[in-house]
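Structure at a glance
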Amino acid sequence: MQQSNQMHDTDHSEFGAALLDPDLPLPEGIVGPRGKAATKRFAVYRNNVTVSLINALADIFPAVARLVGADFFRNMARIYIAGDPPRSALLFQYGQRFPDFLARFEPVGKLPYLPDVARLERRWLDATHAADMDPLPSAALAAVSPQDLERVRLVPHPAARIVESRYAAVSIFSASRAERPLDTIRAMNPETGLITRPHHEVQIRLLPEGAASFFQDLLQGRSLGEAANRTHEHYPEFDLAGAISALLESGAFTTLRLDETTIGEARR
Amino acid sequence: MTQFALSTPTTGGSRFPSKPLPPRAGAGLKTGHIDAILSDDYRIGFLEVHAENYMGDGGPAHRALSAIRAEFPLSVHGVGLSIGSETGIDPDHLDRLARVVERYEPGMVSEHLAWSSHDAGYFNDLLPLPYNQATLDRVAGHIGQVQDSLKRPILLENPSTYVAFEQSTMSETDFIRDIARKSGCGLLLDINNVFVSATNHGWKPLQYLRDFPLELVEEIHLAGHAEDTDDEGDLLLIDAHDRPVADPVWKLYEIVISQAGPLPTLIEWDNDVPEWPVLRHEAMLAEAILDRMGPASMLGSRHAAE
């Protein structure tokens, strides 16, 4: 008796495997009361697990769900979940590998932008839960003397993220979330989006080509001068003034640094 | 040199007024209800949140909960700690729970008699456990670990279940009483779970409540359930949290309150969530029972169930 307890009690792996695969038999020892069968009873758990995870994915990827249709999405999500169940109880972090799954999932091959839209939605939710920080006030940059300006480095806001796509993923995402028609969007236009949460609401803005490279450099820690020079090399038409006002409006950065000095820190 | 203040939380001392859960009706907090709750003339007794929804670093969820916590007593209800897990409590998850508790200073912290995580992953459901000595030792040990980490006792909630285990050697009520005795935790009595499990396993709900250590109960949960059928075509109840509390569950609630005295009572409504006034109406029904069974019955309350 004791031995059989031990054997069954340490078998959550068997129980878990049977939850995710309805073709597996019931875990050993699972019964109904007073000799009743337990197949439909166990199916309640199977259903709870799968449906709740499908719902979680539908909440995280609403634009993808709208693009493929709700029923198709749910069937597709079921396949994804079986292959990549969540590792943690923090479901708002689930689905990090869903964009890669979409890229390999043949039935959605006709929608080549879909993985990038999913990537954007995943980062959107990451930005939603990122730490709270005030964005860099414009006065902070205005206070830097002109000769120091090019040495300024900016500290990214925890919510700031860039999404680069070979497709019009930002426009498609925005239209899908707003439930607008997609027919005016040229899907094959490459787009780069900047996701930020300047105060409380997450937002996304399209970055023109030069600005995308400029922001990438700044997010990677290059100085304003380095980033501007590198961008001008590749994009002679690059509008630096416009990019700097987008930098301030978007709230992509929190503080600025001049060599060892940090400007914008809390008052001592 | 220009300097700018960052929005860092104030440290040192409490961020919030001290608010234990009152013996009133409360509601599970839903994002869509927050503005309505804050502006409602009816001041709900308390609100309860799932801890996991507030384990992110920042953002709108924390902002909303801070506004709620400034005005209402709060209960933090974990759904992902997997206290019955055979691979142990995940220390990272326990740290995250401790941070939520530290951040919001809730009047109550509770978790479930269930498991949800294994090496293979997180199943996002409250899965059943066999009731025997091995499970008892494991669960009591895990609760001790959680209480040590949080530096406060927690409440353990009785589950709703659909299957039984050949490996069980004890009744659910004996199992729960022994766990509380061994770990020092309090109990959260979910009366809908009692009704669902009793129906599904052919127990008598009143007998269950007679056997349950009511003197250890510090909070009540009420919720709606759905109806299905089992393999034999008999009624199988599903703990769906998607509709009003059923009449027989209200009757059991009256009996519990008449015996135990007024207790903080939560209405859970997690799926097909209605507008706030519908949930508030359920809370007011519970509050009417608390008032009716009120101070007079308090005199005889909190006696041992034996």
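Residues numbered from 1 in each chain as written. Chains lettered and ligands numbered in written order. Predicted model: local features only at pLDDT ≥ 70, side-chain atom pairs only at ≥ 80, totals over all residues.

The phi dihedral of Glu179 of chain A is positive, around 55°, even though this residue is not glycine. Looking at the element boundaries, Glu179 of chain A is found in the loop between helix H9 (169-177) and strand E4 (191-196). Non-glycine residue Asn124 of chain B carries a positive phi angle of around 55°. Residue Asn124 of chain B is classed as buried on the basis of its C-beta count, with 25 C-beta atoms lying within 10 Å. (Helix = DSSP H or I, 4+ residues; strand = E, 2+ residues; numbered from the N terminus. Buried ≥ 20, exposed ≤ 12 C-beta atoms within 10 Å, placed from the backbone.)

Looking now at the interface of chain A and chain B. Listed as interface residues are 56 residues of chain A and, on the opposing side, 47 residues of chain B. If you list the elements that add at least two residues to the side of chain A that touches chain B, you get helix H1 (2-9), helix H2 (12-20), strand E1 (30-31), helix H3 (39-60), helix H7 (114-129) and helix H8 (138-142) of chain A. Here the element with the most residues in the side of chain A that touches chain B is H3 of chain A; it accounts for 10 residues. In terms of residue class, the side of chain A that touches chain B is built from 29 nonpolar, 17 polar and 10 charged. Bridge analysis of E1 of chain A against strand E8 (residues 164-165) of chain B gives 2 bridges, and the strand direction is antiparallel. Its bridge partner lying in E8 of chain B, Val31 of chain A is registered against Ala164 of chain B. (Contact = placed C-beta atoms within 7 Å. Nonpolar A, V, L, I, M, F, W, Y, C, P; charged D, E, K, R; others polar. Pairing = 2+ DSSP bridges.)

Residues and elements named next belong to chain A. Residues of helix H11 (residues 224-234) that are buried include every one of Leu224, Ala227, Ala228 and Thr231, and no others. Viewed along the axis of H11, the buried residues span an arc of 95°, placing them on a single side of the element. Next to the buried residues of H11 lie strand E2 (152-156), helix H10 (209-219) and helix H12 (240-250). (Arc of directions from axis to C-beta.)

Here we take up the sheet that holds strand E3 (residues 161-165) of chain A. All names here are of chain A. Across the sheet, 3 strands lie side by side as E3-E4-E5; this open sheet has antiparallel pairing. Edge strands, defined here as strands with exactly one partner in the open sheet, are E3 and strand E5 (203-207). Averaged over all pairs of adjacent strands, the angle between their axes in this sheet comes to 25°, without regard to strand direction. Looking at chain direction, E3 and E4 are connected through 5 bridges and run antiparallel. Counterpart to Arg161 in the pairing with E4 is Ile195. Contacting E3, E4 and E5, H9 crosses the sheet at an angle of about 55° to E4. Contacting E3, E4 and E5, H10 crosses the sheet at an angle of about 140° to E3. (Axes fitted to C-alpha atoms, helices over the stretch in contact; angles between N-to-C directions.)

Those residues of H9 of chain A not exposed but buried are Ala169, Val170, Ser171, Ile172, Phe173 and Ser176 of chain A. Each element contacted by the buried residues of H9 of chain A is listed here: helix H4 (62-68), H7, E3, E4 and E5 of chain A.

The next subject is the sheet that holds strand E3 (residues 74-77) of chain B. Residues and elements named next belong to chain B. With respect to topology, 8 strands assemble into a closed barrel ordered E1-E2-E3-E4-E7-E9-E10-E13, the strand pairing being parallel. The average undirected angle you get between the axes of adjacent strands in this sheet is 30°. Where strand E2 (residues 46-50) lies against E3, 4 bridges are found, and the strand directions are parallel. Paired with Leu47 across the bridge in E3 is Leu74.

This part is about the confidence of the model for chain A. Keep in mind that low pLDDT regions are not for reading the predicted coordinates in detail. Summary statistics for chain A give a mean pLDDT of 92 and a share of 93% for residues scoring 70 or more. Of the regions scoring below 50 in pLDDT, residues 1-9 of chain A engages in 12 contacts with residues more than four places distant in sequence or in other chains. (pLDDT = per-residue confidence, 0-100.)

Bringing the confidence of the model for chain B into the picture now. Residues with a pLDDT of 70 or more make up 92% of chain B, whose mean pLDDT is 92. Residue range residues 1-12 of chain B is modelled with pLDDT below 50. Its contacts to residues more than four positions away, or to other chains, number 18 contacts.

Each pair of packed helices can be summarised by the angle the axes make with each other and by the distance between the axes. Residues and elements named next belong to chain A. At a minimum axis distance of 9 Å, the contact between H7 and H9 shows a crossing angle of 65°. Overall, the two elements H7 and H9 adopt an arrangement that is roughly perpendicular. As H7 packs across H9, the resulting crossing turns out to be right-handed. When H7 is examined against H9, the residues Asp116, Val117, Leu120 and Glu121 are found in contact with a partner set consisting of Ala169, Val170, Ile172 and Phe173. Residues belonging to the contact of H7 with H9 are distributed by class as follows: 6 nonpolar, no polar and 2 charged. (Parallel < 35°, antiparallel > 145°, perpendicular 65-115°, else oblique. Left-handed = near helix turned anticlockwise from the far one by under 90°.)

We now examine the nonpolar core. One broad rule of soluble globular proteins: the nonpolar side chains tend to lie buried together. Membership of the largest hydrophobic core comes to 152 residues, with the highest contact counts inside it found for Val117 and Ala169 of chain A together with Leu156, Ile191, Leu222 and Val256 of chain B. Among the elements that line this core, the one with the most residues is H3 of chain A, at 7 residues. Once residues lying within four places of it in the same chain are set aside, the contact partners of Ala169 of chain A are Tyr113, Asp116, Val117, Leu120, Val163 and Glu191 of chain A. (Core = buried A, V, L, I, M, F, W, Y, C linked by C-beta atoms within 7 Å.)

Residue and element names in this part refer to chain B. Inspection of the secondary structure puts Arg152 in the loop between helix H4 (133-150) and strand E7 (155-157). Overall, Arg152 belongs to the exposed group, with 12 C-beta atoms counted inside 10 Å. With 44 residues separating them in the primary sequence, Arg152 and Met108 have C-alpha atoms 9.3 Å apart. Arg152 has contacts with Val109 and Gln147, leaving out every residue within four places of it along the chain.

To continue, consider the environment of Leu218 of chain A. Residue and element names in this part refer to chain A. Along the chain, Leu218 falls in helix H10. Assessed through the 25 C-beta atoms surrounding it within 10 Å, Leu218 is described here as buried. When the C-alpha positions of Leu218 and Leu154 are compared, they lie 6.6 Å apart, and in sequence the two are 64 residues distant. Every residue in contact with Leu218, bar those within four places of it in the chain, is listed here: Leu154 and Ala227.

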